[in-house]
Amino acid sequence: MYRVLGALLVIWIAFASTHCGPSTPYSIADSLYLINNAPHFYDLKKPTEKHFLPYVLSEISGLTFTRDGQLICVEDEGGKVYFYDPQLREIVHSIRFWGPGDFEGVELVNDTVYVLESNGDLFQFPLIDGKEVKATKIETELRRANNAEGLAYDPLSHSLLIACKDDPGIGDEEVVPRAIYAYDLRTQELTTRARFIISKEQLIDFFQSAERGYEYDPLKIKFKPSGIAFHPLDQTFYVLASVGKLLLTMDAKGNIIASYPISARVLNQPEGIAFASNGDLYLSSEGEGDRGYILRFPKVIRGTN
């Protein structure tokens, strides 16, 4: 016990100090790559496709797949969703659902589109062929301080998962950082107890669970969720963090089973995440004054590479 507490104390001190060790930037980043029980993995250094988007999506913040393989994209400021066809490499449709806002996530459940605003409000509207629709606004107990950024559909509980980037608590409840809440689509209510918790201690325990050729840099463990998605094949959850440049895989109980560091040279500001029906991973990044883009990463079955 004292040995474990001592190790945590050393790591905690390292979080507040400047790292001056001999590790190269590559070894530091690679040390955050760890797969425990995941049946497959993704090589985030080698995307097989890169889709540069029109300038209307320079601030793309969320994406999800339709049943026919199109990507529904939402960007930060406009109350509009765009349908991007990866085969044609162009926007084929758009729907205006609301006025200006700070929209961070989008999800399709059957034939209903849900869009998440950073204050935790949800906007619900039917999937239509028309160019404009009046969305229903759903107010939740979340607030702007939570900075809700990730939205995913969880078919296991028929709920929407909302990942909070900042303040993890609701009301006076104290919750360790970071929190993911569930909005139950059957009861139309937000469960005020977090569905998943991602804490610094949990991440430290995960990285300490493996034998390593070199030690990881605790300063690199910064995790503020910017996206979340449900994997259609193994029923796990992938949580993306732009701050910290890390992608985590979690099982249905919230246990971390894999982590992937993200190179800023590959994804400058990763915020959108979605899976194709075959398990291929799609990540999007804002352009920061330039064109936003989407990268495709095919899944790799363990033992086949």
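The structure presented is a predicted model; accordingly, all values stated were derived computationally and were not measured. (Residues numbered from 1 in each chain as written. Predicted model: local features only at pLDDT ≥ 70, side-chain atom pairs only at ≥ 80, totals over all residues. Heavy atoms only, no water.)

Undergrad: What exactly am I supposed to notice about helix 3 (residues 200-208) here?
TA: Given 3.6 residues to a turn, an α-helix orients residues that are three or four positions apart in the same direction. Taken as a whole, helix 3 has its buried residues at Leu-203, Ile-204, Phe-206 and Phe-207. Along helix 3, the residues classed as buried sweep out an arc of 160° about the axis, all on the same side. (Buried < 20%, exposed > 50% of the residue type's maximum accessible area, 1.4 Å probe, protein only. Helix = DSSP H or I, 4+ residues; strand = E, 2+ residues; numbered from the N terminus. Arc of directions from axis to C-beta.)

Undergrad: Is there a simple way to explain unusual backbone geometry in this structure?
TA: Negative phi is the rule for most residues except glycine; trans is the rule for most peptide bonds. A positive phi is found at His-158, a non-glycine position, where the angle reads about 50°. For His-158, the position within the fold is in the loop between strand 12 (148-154) and strand 13 (159-164). Owing to a relative accessible area of 25%, His-158 belongs among the partly exposed residues under this scheme. Despite not being glycine, Gln-235 has its phi angle at roughly 55°, a positive value. Tracing the backbone shows Gln-235 in the loop between strand 16 (224-230) and strand 17 (237-243).

Undergrad: Looking at this structure, I do not really get the packing of aromatic side chains. What am I missing?
TA: A complete count under the given rule lists 13 aromatic pairs for this structure. Chaining the aromatic ring pairs together yields one cluster made of Phe-97, Trp-98, Phe-103, Phe-123 and Phe-125. Of note, Lys-50 hangs over the ring of Tyr-293, and the distance from its end group to the ring centre comes to 4.4 Å. Between the NZ or CZ atom of Lys-134 and the centre of the ring of Trp-98, over which it lies, the distance is 4.4 Å. (Phe/Tyr/Trp six-rings, centres within 6.5 Å; stacked < 30°, edge-to-face > 60°. Lys NZ or Arg CZ within 6 Å of the ring centre and 35° of its normal.)

Undergrad: Looking at this structure, how should I read the confidence of the model for the chain?
TA: Where the model shows low pLDDT, its predicted coordinates should not be examined in detail. Overall, the prediction assigns the chain a mean pLDDT of 84, with 80% of residues at 70 or greater. Contacts from residues 1-28, a stretch scored under 50 in pLDDT, to residues over four places away or in other chains number 24 contacts. (pLDDT = per-residue confidence, 0-100. Contact = heavy atoms within 4.5 Å.)

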